[in-house]
Amino acid sequence: MAFRNNVALLLLVMITVMDWHANALRADMKRVHGSSMTSSQRLSAAVHRSSARLRKIETSVTGKAVDTDLAAPVNRGNNVAEFLVSMGIRTPPQKMVAIVDTGSDLIWKQCQPCKNCYDQTDPIFDPSKSSTYAKLPCNSSLCSSLPRKTANTFIHSPRVDGFTDADGVLGLGRGSFSLVSQMGSRFSYCVTSFMDESPSDTSPLFFGSATDLRELVGVQFTPLMTNLFRPELNSFYYISVEAIAVGNRLAYISQGTLDIQEDGSGGFIIDSGSAFSYLIPEAFSLVADAVDLAVGWDRADGSDYGFSLCYQIPQGNTTYVFPDITFIFSRNVPFVVDQKYNFRLVDEQSGLVFMLILQIEETSALKSPSILGSYQQQNYHILYDNGNYMLSFAPTTCAELL
């Protein structure tokens, strides 16, 4: 069910359920899908979560709620989050399970006394049990910097369905309230494979000196961009995508198509909260045409599954290869996504193969940003360096970091 939640204060977080040594902080991000799910069930749940995430981002850009008849089922492990992390807040620590969100700045959870709160598994935070809790007056500089507020209350109203696994949000955006800004200016993560025969539910998240990628082979860099036209959207991590290649074939996307537009809409973001990647129609259609040429099969209807591009494996065809897809970032830096993270066979019986990059169905004159989702980030160690306005990444077997 949809909810609106009143949060009694902005929580400056002391993280206790993580490893800390030598100015290095490490946490384990847990994927929300259940370990008992089949591959096709995980795929279906990820589509629903990605759709909900896209609607949230679109609302941020347009300022209007996006109507849709697609709702995430209200089941544990099947909500709008991709990754959860356990942490402790205040002294003595009270447990909190939070959504890891690179598109949000606030760190928030439900607090006592709490009216109209949604159900959560862990106890609601009780300020009376914390020796370090303190109220902030409404005229404090911290409070006045928030986009929405009432007396001693911060409002968070994400309007989501099935918000059952998490107690709150861990904001890792670029704003001053996020945990990244409070602890320095950089963090990294490495998304493990989760659709393979032995999927991992856990991916490592690093802060401090643990984020260093310099010793890794194949490290590349691309600048983080700033939305000069809509500064309120700069919690998102914008990057410049100059071209997209399908195999060795360029999809001839017009220059500037994926740039931030003069009204502040559009652009391209890298996001932890979306499972799959999304492209605006002008870019998606050209990428899909290039895939058609590479595959050589007729398209099938995958709309019942929520995917934008689908193929039917020809009868008797037992050997087939799909192309890698390369996002070419600013300075001609390639981000190569292996074909197994771009295409997925639902099951042998149906013979349907989906492309795991989806088309944005535009509902407003303001363009939604295109998105590089976490599925296409698998087995890359990715460093967000806000201090130097730089995104670094290196191909890594992420399970070896666990």
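What you see is a predicted model; the values in this text were computed from it and never measured. (Residues numbered from 1 in each chain as written. Predicted model: local features only at pLDDT ≥ 70, side-chain atom pairs only at ≥ 80, totals over all residues. Heavy atoms only, no water.)

**A word on the overall build of the chain**
Thought 1: The secondary structure content of the chain amounts to four helices and 27 strands.
Thought 2: Burial statistics for the chain: of 402 residues in total, 55% are counted as buried.
Thought 3: For the chain, contacts bridging at least 24 residues in sequence account for 72% of all contacts bridging at least 6.
Thought 4: Accessible area for the chain stands at about 17,800 Å²; split by element, carbon and sulfur atoms hold 50% of it. (Helix = DSSP H or I, 4+ residues; strand = E, 2+ residues; numbered from the N terminus. Buried < 20%, exposed > 50% of the residue type's maximum accessible area, 1.4 Å probe, protein only. Contact = heavy atoms within 4.5 Å. Areas by Shrake-Rupley, 256 points an atom, 1.4 Å probe, with all protein chains shown as cover.)

**Some points on the environment of His381**
Thought 1: Structurally, His381 is set in strand 26 (residues 380–385).
Thought 2: Between the C-alpha atom of His381 and that of Leu213, which follows or precedes it by 168 residues, the distance is 7.9 Å.
Thought 3: In this view, His381 contacts Ser188, Tyr189, Cys190, Phe206, Leu213, Leu216, Ser392, Phe393, Ala394, Thr396 and Leu401; residues no more than four positions away in its chain are not counted.
Thought 4: Separated by 2.9 Å, the side chains of His381 and Ser188 make a polar contact. (Polar contact = N/O pair within 3.5 Å; in protein donor to acceptor, adjacent residues only side chain to side chain.)

**Re the pattern of salt bridges**
Thought 1: On inspection of all chains with the given rule, the structure shows eight salt bridges.
Thought 2: Ionic pairing is found between Asp385 and Arg186, a salt bridge with its closest N-O pair at 3.5 Å. Residue Asp385 is found in strand 26, and its partner Arg186 is found in strand 10 (residues 186–190); the two are separated by 199 residues along the sequence.
Thought 3: With a relative accessible area of 29%, Arg186 lands in the partly exposed category.
Thought 4: Across the pair Arg230 and Glu232 runs a salt bridge, and its minimum N-O distance is 2.4 Å.
Thought 5: By relative accessible area, Arg230 is classed as buried at 15%.
Thought 6: Its relative accessible area of 52% is what places Glu232 among the exposed residues. (Salt bridge = Lys/Arg side-chain N within 4 Å of Asp/Glu carboxyl O.)

**Description of helix 4 (residues 281–295)**
Thought 1: Across its 15 residues, helix 4 extends 20 Å between first and last C-alpha, which sits within 8% of the 21 Å expected from 1.5 Å per residue.
Thought 2: Of all the positions in helix 4, only Ala283, Phe284, Val287, Ala288, Ala290, Val291 and Val295 are classed as buried. Buried residues along helix 4 cover an arc of 165° about the axis, so they all sit on one side.
Thought 3: Positive phi appears at Gly296, one or two residues downstream of helix 4, with a value of about 80°. (Expected span 1.5 Å × (residues − 1). Arc of directions from axis to C-beta.)

**As for the packing of aromatic side chains**
The description of an aromatic ring pair uses the distance of the two centres, along with the angle that the planes make with each other.
Thought 1: For the structure on display, the rule yields 21 aromatic pairs.
Thought 2: Plain terms: the ring middles of Phe187 and Tyr189 are 6.4 Å apart, the flat faces sit at 45° to each other, and that makes the pair tilted.
Thought 3: Pairwise contacts between aromatic rings join Phe276, Tyr305, Phe307, Tyr341, Phe354 and Tyr375 into one cluster. (Phe/Tyr/Trp six-rings, centres within 6.5 Å; stacked < 30°, edge-to-face > 60°.)

**Some remarks on the confidence of the model for the chain**
Thought 1: Averaged over all residues, the pLDDT of the chain is 79; the fraction at 70 or higher stands at 81%.
Thought 2: Across residues 1–22, confidence stays below pLDDT 50; counting only partners more than four residues off in sequence or on other chains, it has 81 contacts.
Thought 3: Here residues 66–79 scores under 50 on pLDDT; set against residues more than four positions off or in separate chains, the count is 37 contacts. (pLDDT = per-residue confidence, 0-100.)

**Describing the sheet that holds strand 15 (residues 249–251)**
Thought 1: In space, the four strands of this open sheet follow the order 15-14-20-21, with antiparallel pairing throughout. Strands at the two margins of the open sheet, each flanked by one partner only, are strand 15 and strand 21 (333–337). When the angles between neighbouring strand axes are averaged without regard to direction, this sheet yields 30°.
Thought 2: In the packing of helix 4 onto the sheet, contacts are made with strand 14 (241–246) and strand 15, and the angle to strand 14 comes to roughly 20°. (Pairing = 2+ DSSP bridges. Axes fitted to C-alpha atoms, helices over the stretch in contact; angles between N-to-C directions.)

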